[in-house]
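One letter stands for each residue in the lines below.
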Amino acid sequence: MELAPLYNPRGVEERWQKIWEEERLYHADVDAPGETYVIAVPPPNVTGALHMGHALNGSIQDALIRWHRMRGFNTLWQPGFDHAGIATQAVVERELRGEGTSRLELGREAFVERVWAWLHEYGGVIMSQFRRLGCSLDYERERFTMDDGYVRAVMRFFVHLYERGWLFRDNRIVNWCSDCRTSISDLEVEYLDVDDTLTYAGYPLVDGEGGISVATVRPATILADVAVAVHPDDERYTSLIGKNVQVPVVDRAVPVIADERVDPEFGTGAVKITPGHDPMDFDIGRDHGLPELTVIGLDGRMTGDVPDGYAGLTEDEAAERVVQWLKDNDRLEKREHYRHAVGHCERSQTRIQPLVSLQWWCDMKPMAGAALESIESGRVTFHPPSQNRVALDWLKNIRPWNVSRQLWWGHQLPIWYCDNGHVTCAEETPSACAECGSTALARDEDVLDTWFSSALWPFATLGWPDDTPELRRYYPGDVNSTAREIIFLWEARMVMAGLELMGDIPFDDVIIHSTVLAGDGRRMSKSLRNGVDPIDLIDEHGADATRYGLLKMTSTQDVRFSTQPIEEGRRLANKLWNASRLLLMAGGGEVVARPDSAEERWIFARIDGTRAEIEADLDRFDFSHAVERLYHLTFDDFCDWYLEAIKPRLGDDDVRATAFAALERLLTLLHPVLPHVTEEIWSHLPARESRLIVAPWPEPAPADAPGEIERAQTAARIYRRSGVRIRLDGDAARIFEAVVRPSENGQGDVDAERARVQKEIERSERMLANEKFVANAAPDVVAAEREKLEQYRAELDALG
């Protein structure tokens, strides 16, 4: 069967995705030989759909997995889902509201059954989308954080931490979503710029004249003020430190305290301290032994612990009454516009309400020490290296982790309370209180934060806590790839959990991939409606082109999305297809390298040289340079020079056999990036014994590149730019004529071209002699300038 005249990604890609999976070429065999190479894919939400971050991360991981599979490693790319407590519960609750009922009416057991029913019907869509991208995950090993075995692992982890004395219950400040009715992690808080009003209120001294002016954007929380704080070095307020002032509306006497965390530039430099409703105020309050008053409840409305007329009001309604009181009592000094970032729940887009709540917490410091050592010693390395410091700084300043969530869907805390108030922590339901023997036990209704279960992902997916063959074979893994906002909530916690439970790090390298921004430089988000659906890109350009384009975009940590690299990937796939079709239409025969001519020896030298460069790129996770090298090797070297040079001789069996051998090597280098089009072409080459996905990666075959091609390329640049013909002979002349096919008419101005090249050499030499340019410019820019200088010098020599 011949290659079709035009390459159609859709038909080719879907067919090969099915074949690879049906032939179990993605499957990791625990008994297979070879060194292991393991990546546990960061588990996406079971309710989620493929977004740009997933697509980029999937492309990165699949390129690594395919590369190592071809190199003979026993590869495991572990797939699975996170149960996504808040997101999943919110979806099902929304469905229930549409039916005129609620989870409270159903009850916990029936609600959980309803969630499972919903997931069986609608969940897990993202795995089919990973297939569309060509991700060679071991789908047979798909795991879910609510599987029975995984739940047992989570319970074991919680009990282990409890027995270590690192879990405690305390009233501390949390990110509360009054719409979802649960605390949420920092990762689930989205900071949005909002327009607020800064209200300046007077707090008079309790004894004597005068007072202090305080600015706030939340007048309703004045009702819970317990202090006013100033910076200790702020001379404006030195005389007031230690005195008492009167809180507006409630007439509460509170102290003026000094604390270095106060920003003297904000408002008047004096800030109200409300530990019950502000994270920094909470820390200041704990350090100064201040009371923790709360006046806003879990429903986002004012509680009963407020003056008459306030209970039941929303915060905005209460703020209006406070401001009116300030006006009526001559305490309102001024109000002004204030724009700032405010935390919102990423699920409901509701403004986060910092609240003090009784929750379960984990003291992270005991586990942080071992994780710190693993990063500082280089056992765990972040890429780019700048992210090492981010992880280290977080670990050194680690805070207690709020592990409980006020949900019904998730891992219910293995905590039971007896009627005497004692706590029992056990993996299974206890028969009696461990402390007093009471059989009147009630289980804590909260569930664990999903990040608690994610910390176990690298080894719980392999069967921990059981001693299984998979765990012994595939732990520890090799690489984890994720976004930088996950460093704290995922990577660091997986390292801590791995060291604590398994005695070893879960991976050696952490790739912090680029963040793909919208075209205008803003972050892609649902709220801004500026996201790009990767499936739309695959539908339009194909999976291979999308993968290529995303990998090309990874040159910096923040990159603006553009379809240009994806279109470049599509052109590359088409060029490769057309070149392969040309060779196949010339006839069949052997696939044996018998390089004889200059261009044949040159292309094998270029392929091997690029192989070495790509290996170095992939070893340091430099995907942008790797795909760029593949593009130039395919487009420029193989198609535009080698293939054009041999085209007149394709009727020769040896020339054709050598061309097939060169194409075979090229396809293997391209496969980790463009798996579908390369596998399709591979299947049409003569004498195929295996699929390309499991074909061996080319062994090093160093060879010197003949100089004839370089001389022909130098002559071609000069001719195409100026019309000047350089005198060539032998193979260089033959290759130049075959590739460039110059016109017989006309001759360019040699003197003018020589002067132009000399001027370019002088310009380039000045740039490279500039120490500031060499030191401060991007390495790629400096290297490109040096390459241009060498080309200009070669052109000047050719011009005479």
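In what follows, the structure referred to is the one given above.
Thresholds, definitions, all that
- Residue numbering note: each chain is counted from 1, following its sequence as written.
- Local features in this predicted model are restricted to residues whose pLDDT is 70 or higher, and side-chain atom pairs enter the listing and the counts only when it is 80 or higher, whereas totals over whole chains, interfaces and linings include all residues.
- Based on all heavy atoms of the structure, the side-chain values leave hydrogens and waters out of the count.
- The numbering of helices and of strands both runs from the N terminus, where a helix is a DSSP run of H or I of at least 4 residues and a strand a run of E of at least 2.
- Accessible area is worked out with a 1.4 Å probe on protein chains only. A residue is then buried under 20% of its type maximum, exposed over 50%, and partly exposed in between.
- In what follows, a contact means two residues having at least one pair of non-hydrogen atoms within 4.5 Å.
- Method for areas: the Shrake-Rupley scheme with a 1.4 Å probe, in which residue coverage is limited to the protein chains shown.
- Note on pairing: two strands pair once DSSP finds at least 2 bridges between them.
- Every axis in this analysis is a line fitted to C-alpha atoms, fitted for helices over the stretch in contact. Angles between the N-to-C directions lie between 0 and 180 degrees.
- Here the aromatic set is Phe, Tyr and Trp, taking the six-membered ring for Trp, and pairing holds for ring centres within 6.5 Å; pairs whose planes are under 30 degrees apart are stacked, those over 60 apart are edge-to-face, and all others are tilted.
- When the NZ atom of lysine or the CZ atom of arginine is within 6 Å of a ring's centre and also within 35 degrees of its normal, the charge is said to sit over that ring.
- An expected span of 1.5 Å times one less than the residue number is assigned to each helix.
- Counted as a polar contact is a pair of N or O atoms within 3.5 Å, where, for protein atoms, one must be capable of donating a hydrogen and the other of accepting one, and residues adjacent in sequence contribute only when both atoms are in side chains.
- Lys and Arg are tallied as positive, Asp and Glu as negative. Neither His nor the chain termini are counted.
- Criterion for a salt bridge: a side-chain nitrogen of Lys or Arg within 4 Å of a carboxyl oxygen of Asp or Glu.
- Put simply, a patch holds well-exposed residues, over 30% relative accessible area, that have no salt bridge, with like charges counted together within 9 Å and Val, Leu, Ile, Met, Phe, Trp or Tyr side chains within 5 Å.
- Think of each charge as sitting on NZ of Lys, CZ of Arg, CG of Asp or CD of Glu.
- Within this analysis, the arc is defined by the directions that extend from the helix axis to the C-beta atoms.

## Topic: the overall build of the chain
So, point 1. A tally of helices and strands in the chain yields 27 helices and 25 strands.
So, point 2. When the backbone C-alpha atoms are referred to their principal axes, the chain occupies close to 100 × 65 × 50 Å.
So, point 3. A total of 800 residues make up the chain; the buried ones form 54% of that total.
So, point 4. A sequence separation of at least 24 residues applies to 77% of the contacts in the chain between residues at least 6 apart.
So, point 5. Counting every atom, the chain has about 34,500 Å² of accessible surface; 46% of that belongs to carbon and sulfur.

## A closer look at the sheet that holds strand β20 (residues 441-443)
So, point 1. Spatially, three strands are ordered β19-β18-β20 in an open sheet, and the strand pairing comes out antiparallel. Only two strands of the sheet have a single partner each, and these edge strands are β19 (423-425) and β20. Each adjacent strand pair in this sheet contributes to an overall mean axis angle of 30°, direction not counted.
So, point 2. Relative to β20, strand β18 (residues 415-418) runs antiparallel, the two sharing three bridges. Within β20, the position partnered with tyrosine 417 by the bridge is alanine 442.
So, point 3. Strands in contact with helix α7 (residues 148-163) are β18, β19 and β20; relative to β19, the strand with the most contacts, it is inclined by about 130°.

## With respect to the sheet that holds strand β6 (residues 182-184)
So, point 1. Ordered by their spatial adjacency, four strands build an open sheet running β6-β5-β14-β16, and the pairing between neighbours is antiparallel. For this open sheet the edge positions go to β6 and β16 (401-402), each flanked by a neighbour on one side alone.
So, point 2. Here strand β5 (residues 167-177) runs beside β6; their pairing, made up of three bridges, is antiparallel. Looking at the pairing, cysteine 177 lines up with threonine 182 of β6.

## Let's talk about the packing of aromatic side chains
So, point 1. In total, this model carries 24 aromatic pairs according to the counting rule given.
So, point 2. Seen from their ring centres, phenylalanine 459 and tyrosine 475 are 5.7 Å apart, and the 85° between their planes marks the pair as edge-to-face. Highlighted residues: phenylalanine 459 in helix α13 (residues 457-460) and tyrosine 475 in the loop between α14 (469-474) and β22 (479-482), separated in sequence by 16 residues. Here the two residues phenylalanine 459 and tyrosine 475 agree in accessibility, since each one is buried.
So, point 3. Aromatic rings pair up to connect Phe157, Phe158, Tyr162, Trp360, Trp401 and Phe452 into one cluster.
So, point 4. Above the ring of tryptophan 408, the side-chain terminus of arginine 103 is found at 4.7 Å from the ring centroid.
So, point 5. One Lys or Arg, arginine 172, reaches over the ring of tryptophan 361 and ends 5.3 Å from the middle of that ring.

## Some remarks on the environment of glutamate 600
So, point 1. Mapped onto the elements, glutamate 600 comes out in helix α19 (residues 598-619).
So, point 2. Under the relative-accessibility criterion, glutamate 600 is labelled buried at 2%.
So, point 3. Once residues lying within four places of it in the same chain are set aside, the contact partners of glutamate 600 are Arg594, Pro595, Tyr642, Arg649, Val655 and Thr658.

## Digging into unusual backbone geometry
Backbone geometry follows two general trends: most residues other than glycine have a negative phi, and most peptide bonds adopt the trans configuration.
So, point 1. In this structure, proline 465 follows tryptophan 464 across a cis peptide bond, with omega equal to 15°.
So, point 2. In this model, tyrosine 475 is joined to proline 476 through a cis peptide bond whose omega is 0°.
So, point 3. Mapped onto the elements, proline 476 comes out in the loop between α14 and β22.
So, point 4. Its identity is not glycine, yet phenylalanine 621 carries a phi of approximately 60°, on the positive side.
So, point 5. By secondary structure assignment, the location of phenylalanine 621 is in the loop between α19 and α20 (623-646).
So, point 6. Of note, the phi angle at alanine 687 is positive, near 55°, even though the residue is not glycine.
So, point 7. Considering the arrangement of structural elements, one finds alanine 687 in the loop between α22 (675-684) and α23 (707-722).
So, point 8. Residue alanine 687 is classed as exposed on the basis of its relative accessible area of 67%.

## Some thoughts on helix α2 (residues 52-70)
So, point 1. Helix length check: α2, at 19 residues, gives a terminal C-alpha distance of 27 Å against a target of 27 Å (1.5 Å per residue), a fit within 8%.
So, point 2. Within two residues after α2, glycine 72 carries a phi angle of roughly 90°, on the positive side.

## Some words on the side chain of arginine 547
So, point 1. Mapped onto the elements, arginine 547 comes out in helix α17 (residues 543-552).
So, point 2. A polar side-chain atom of arginine 547 sits 2.9 Å from the main-chain carbonyl oxygen of proline 672.
So, point 3. Within polar-contact distance, the side chain of arginine 547 engages the backbone oxygen of valine 673 at 3.1 Å.
So, point 4. Setting aside anything within four residues of it in sequence, one finds arginine 547 in contact with Ser59, Asp62, Ala63, Arg66, Leu133, Gly134, Cys135, Pro672, Val673 and Pro675.

## A closer look at the pairing of strand β23 (residues 509-512)
So, point 1. Direction of pairing for strand β15 (residues 381-383) relative to β23: parallel, over a ladder of three bridges. Paired with phenylalanine 382 across the two strands is valine 510, which belongs to β23.
So, point 2. Relative to β23, β22 is paired through four bridges, and the arrangement is parallel. Bridging from a neighbouring strand, valine 479 pairs with aspartate 509 of β23.

## What about the side chain of arginine 493?
So, point 1. With respect to the helices, strands and loops of the structure, arginine 493 is situated in helix α15 (residues 487-502).
So, point 2. An unpaired buried charge is present at arginine 493: no salt bridge exists, and aspartate 449, the closest side chain of opposite charge, is 4.3 Å distant.
So, point 3. If near-sequence neighbours (up to four positions away) are discounted, arginine 493 is found in contact with Met364, Trp394, Trp401, Asp449, Trp451, Ala455 and Phe488.

## A look at a negative patch on the surface
So, point 1. A cluster of acidic residues, Asp533, Asp536, Glu540 and Glu567, forms a negative patch on the protein surface.
So, point 2. As for its placement among the helices and strands, glutamate 567 is situated in helix α18 (residues 564-585).

## So, the pattern of salt bridges
So, point 1. If you walk through the whole model with that rule in mind, you get 66 salt bridges.
So, point 2. A salt bridge links arginine 114 to glutamate 95; the shortest N-O distance between them is 3.1 Å. One end of the pair, arginine 114, is in helix α5 (residues 108-122); the other, glutamate 95, is in helix α3 (residues 85-98), with 19 residues separating them in the sequence.
So, point 3. Judged by its relative accessible area of 28%, glutamate 95 is partly exposed.
So, point 4. Its salt-bridge partner being arginine 721, residue glutamate 795 comes within 2.8 Å of it at the nearest N-O pair. Taken together, the residues span a long stretch of sequence, with glutamate 795 in helix α27 (residues 779-799) and arginine 721 in helix α23 at a distance of 74 residues.
So, point 5. For glutamate 795, a relative accessible area of 1% gives the class buried.

## Observations regarding helix α9 (residues 315-328)
So, point 1. The end-to-end C-alpha distance of α9 is 20 Å, a good match for the 20 Å that 14 residues give at a rise of 1.5 Å each.
So, point 2. The complete set of buried residues in α9 reads Glu315, Ala318, Ala319, Val322, Val323 and Leu326. Buried positions in α9, seen along its axis, are confined to an arc of 140° and lie on one side of it. Pointing more than 90 degrees away from the buried face of α9 are the exposed residues Glu320 and Asp328.
So, point 3. The elements touched by buried residues of α9 are β7 (189-204), β13 (332-345) and β14 (353-362).
So, point 4. Just beyond α9, the residue with positive phi is aspartate 330, at close to 55°.

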